[in-house]
Amino acid sequence: MGLDERIVTLFKRNAHHTLTYWSVFFSFGLCIAFLGPTILDLQCQTNSTLGQITWVFFSQQFCLLIGSSIAGVFKKNALAALFVSTLTISVIFAIIPLCNNVLVLAIAMAVSGFAMGIIDTIANIQLVTIYQRDSAVFLQALHFFIGLGALVSPLIADPFLSETGCGNHTANGSELMHHFRNTLRNSPIAEHNINQTDLPHEGGNEGSNVHTAFWIMAVINLPVPIAVLFLMYREQLIPCCPNGTPRLLDKDELAMEDQQGAEASGVELKEAGGHGNIFSCCQNDNLRGLPVSFFMIHILGGLVLFMTDGIVGTYAGFVYTYGVAPPISLPNKMAGYLASIFWAAITAGRLLSIPLSYRFQPVRLLMFNLAGAIVTVLMLLIFYTSSTFLFVGTCLCGLFLSSIFPCMLAYTEDILDYQGCATPVLVTCAGMGEMVMQVLVGSIIPTLGSYSFLLCGMIIACIGFIFFVGLLLFHRMHRNYLTGTTKKSAMVEEPATEQNGSAIAEQKNEAQSS
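These lines cover the structure that appears in this document, whether it is placed above or below. As the structure is a computational prediction, the values presented were derived from the model and not from experiment.

Structural notes on the overall build of the chain
Next, step 1: The helix and strand tally for the chain stands at 21 helices and zero strands.
Next, step 2: Within the chain, the fraction of its 514 residues that count as buried is 54%.
Next, step 3: Looking at the chain alone, contacts between residues at least 24 apart form 84% of all its contacts between residues at least 6 apart.
Next, step 4: For the chain, the exposed surface amounts to about 22,300 Å²; the carbon and sulfur share of it is 65%.

What follows is the structure in structure tokens.
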């Protein structure tokens, strides 16, 4: 059976689960990119300063990080956790238009961020658990749906946004509003672009129908918890439904056993080995006595994603600021397309990576993408006065960065034979990098100028590549450790077999002599 046919067969066996997780991540992408363009309308709604309203989005990102860190606790009730989280997101988006106080809005955003963090970790863990060594292809598709959602959401929000602020601005204030909105579009948090404007808005939000956009978002997201609930019904996980046909999860587990050829004891060992939350992984008794390479693979893999996802968040958040500043000085409207082109490139790159994952190992794709990202940022630094190359470089940067996360996830899980805690560690480090790097770069740009945006990107990309080289070295060390352990086990078993054989022969001789 060919590789393509085998993977198609696996997908057919687990199609219901896979499609449900993909739809959950499409909703996740909508939520990530939907909030940025609406920040100024929400400022008017809550009658707050720009500094106050941007901390609302920071609270969402911070709670997303917390949710990602502890989501492994819900592994045994994964579908129930996904159902509650996706339903919570719809409810939060429905009540956001009713939040007229910035503190209430911050709490609502924090709750939605926590739910999104749970979705992020659980969906990745479940796909890795189902497909294991063939998970690279399906992880690429999973993260393609994030990009697709992030690309579609600004199109939903744009018709309902106000271009004149709260109705009491001068022409310069209106232009500043337009500048801020384009800066934040397609960026989950970009608070450090706008800290210089701290005057609260007074009066009603004239010309804004942003509440309609949030309600549309809530309605669009509703089919996702319904799909998760239907999957729970099919698996007989709803208490009020009688048990009948075998659960789909049992069939998936049987499929995985056939695929891997693993015995039941081996499956139990892998279950005990990891894929929980980070804190339980650190306390796992099975981790005692493991080599340093086992832990360094977790650490270095997480640091690579800390850097690369930090670049993604930073580029999406500050490319507009760089485009409108000298020496490029693009018109505001034209510069506003840069972030959309970046997200479109990420979406296209993840779609392109799906067939590439059939033919190339994740480590090769990682090496190519990291090197391509460094070369692209270097070219942007060299041609920093060219507006044409800024658009070309933005597209290339999105393409190269698009598949690093799913490739790294598949690569590290494969190294650790799916017995470590790679998924929760990598998801947490990626979220932390996106948050920290935006804060760091956002604090540097006002001091050193817009050129520091690309310089920071180059430094971050090079550090990420150094961590990746370290990961390759520890991969070799870990492989040598596993090889040595296997040889020692074989040497121990061989004398035992010889002793058993000699004992049996002696018994036969005694029986014949008697």
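Having seen it, we continue.
A look at the side chain of Ser403
Next, step 1: Following the sequence through the fold, Ser403 ends up in the loop between helix 18 (387-402) and helix 19 (404-415).
Next, step 2: Excluding anything up to four places from it in sequence, Ser403 contacts Gln140, Ser353 and Asn369.

A closer look at unusual backbone geometry
Next, step 1: Following Pro326, the chain continues to Pro327 via a peptide bond in cis, the omega torsion being 10 degrees.
Next, step 2: With respect to the element layout, Pro327 can be found in the loop between helix 14 (292-324) and helix 15 (332-335).
Next, step 3: Phi at Asn47 is positive, roughly 55 degrees, even though this residue is not glycine.
Next, step 4: Tracing the backbone through its elements, the reader meets Asn47 in the loop between helix 3 (39-46) and helix 4 (50-70).
Next, step 5: Of the residues examined, Asn47 reaches a relative accessible area of 45% and is grouped as partly exposed.
Next, step 6: Its identity is not glycine, yet Gln236 carries a phi of approximately 60 degrees, on the positive side.
Next, step 7: Mapping Gln236 onto the fold places it in the loop between helix 10 (223-234) and helix 11 (248-260).
Next, step 8: Take Gln236: its relative accessible area is 17%, and that puts it in the buried class.

Observations concerning the environment of Cys31
Next, step 1: By the secondary structure assignment, Cys31 is in helix 2 (residues 15-34).
Next, step 2: Measuring from C-alpha to C-alpha, the distance between Cys31 and Ser112 comes to 8.9 Å, with 81 residues separating the pair along the chain.
Next, step 3: Once residues lying within four places of it in the same chain are set aside, the contact partners of Cys31 are Ile89, Phe93, Met116 and Met217.

What to know about empty space enclosed by the protein
Next, step 1: If you walk through the whole model with that rule in mind, you get four cavities of 30 Å³ or more.
Next, step 2: Phe28, Ile146, Asp309, Arg350 and Glu434 are, among the 21 residues lining the largest cavity, the residues nearest its centre.
Next, step 3: Taken together, the elements giving at least two residues each to the lining of the largest cavity come down to helix 2, helix 4, helix 7 (135-157), helix 14, helix 16 (337-359), helix 18, helix 19 and helix 20 (422-448).
Next, step 4: When residues in the lining of the largest cavity are grouped by element, the largest group, four residues, is from helix 20.
Next, step 5: Classifying every residue of the lining of the largest cavity gives 12 nonpolar, five polar and four charged.
Next, step 6: Considered as a void within the structure, the second largest cavity measures approximately 80 Å³ in volume.
Next, step 7: Lining of the second largest cavity is provided by Ile311, Thr314, Tyr315, Val377, Val441, Phe453, Leu454, Cys456, Gly457 and Ile460.

Reading the values: rules and limits
- Starting from 1, residues in each chain are numbered consecutively following that chain's sequence as written.
- Under the rules for a predicted model, residues below a pLDDT of 70 receive no local features and side-chain atom pairs below 80 are neither given nor counted, while totals for whole chains, interfaces and linings still include all residues.
- Where side-chain values are given, they derive from all heavy atoms of the structure, hydrogens and water being excluded.
- A run of H or I in DSSP counts as a helix once it spans at least four residues, and a run of E counts as a strand once it spans at least two, with each numbered from the N terminus.
- Note on exposure labels: buried denotes an accessible area under 20% of the residue type's maximum, exposed denotes more than 50%, and partly exposed covers the range between, all computed with a 1.4 Å probe on protein chains only.
- The criterion used for residue contact is that any of the two residues' heavy atoms lie within 4.5 Å.
- For the accessible areas, the method is Shrake-Rupley and the probe is 1.4 Å, while residue cover comes only from the protein chains on display.
- In this analysis a 1.4 Å probe is tested at points of a 1 Å grid over the protein atoms alone, and where it fits but cannot get out there is a cavity; an open set with protein on both sides within 12 Å along at least five of seven lines is a pocket; lining residues have an atom within 4 Å of a point.
- Grid points are joined across faces, edges and corners, and a volume is the space filled by probe spheres set on the points.
- By the convention adopted, Pro, Cys, Tyr, Trp, Phe, Met, Ile, Leu, Val and Ala count as nonpolar, Lys, Arg, Asp and Glu as charged, and the other residues, Gly among them, as polar.

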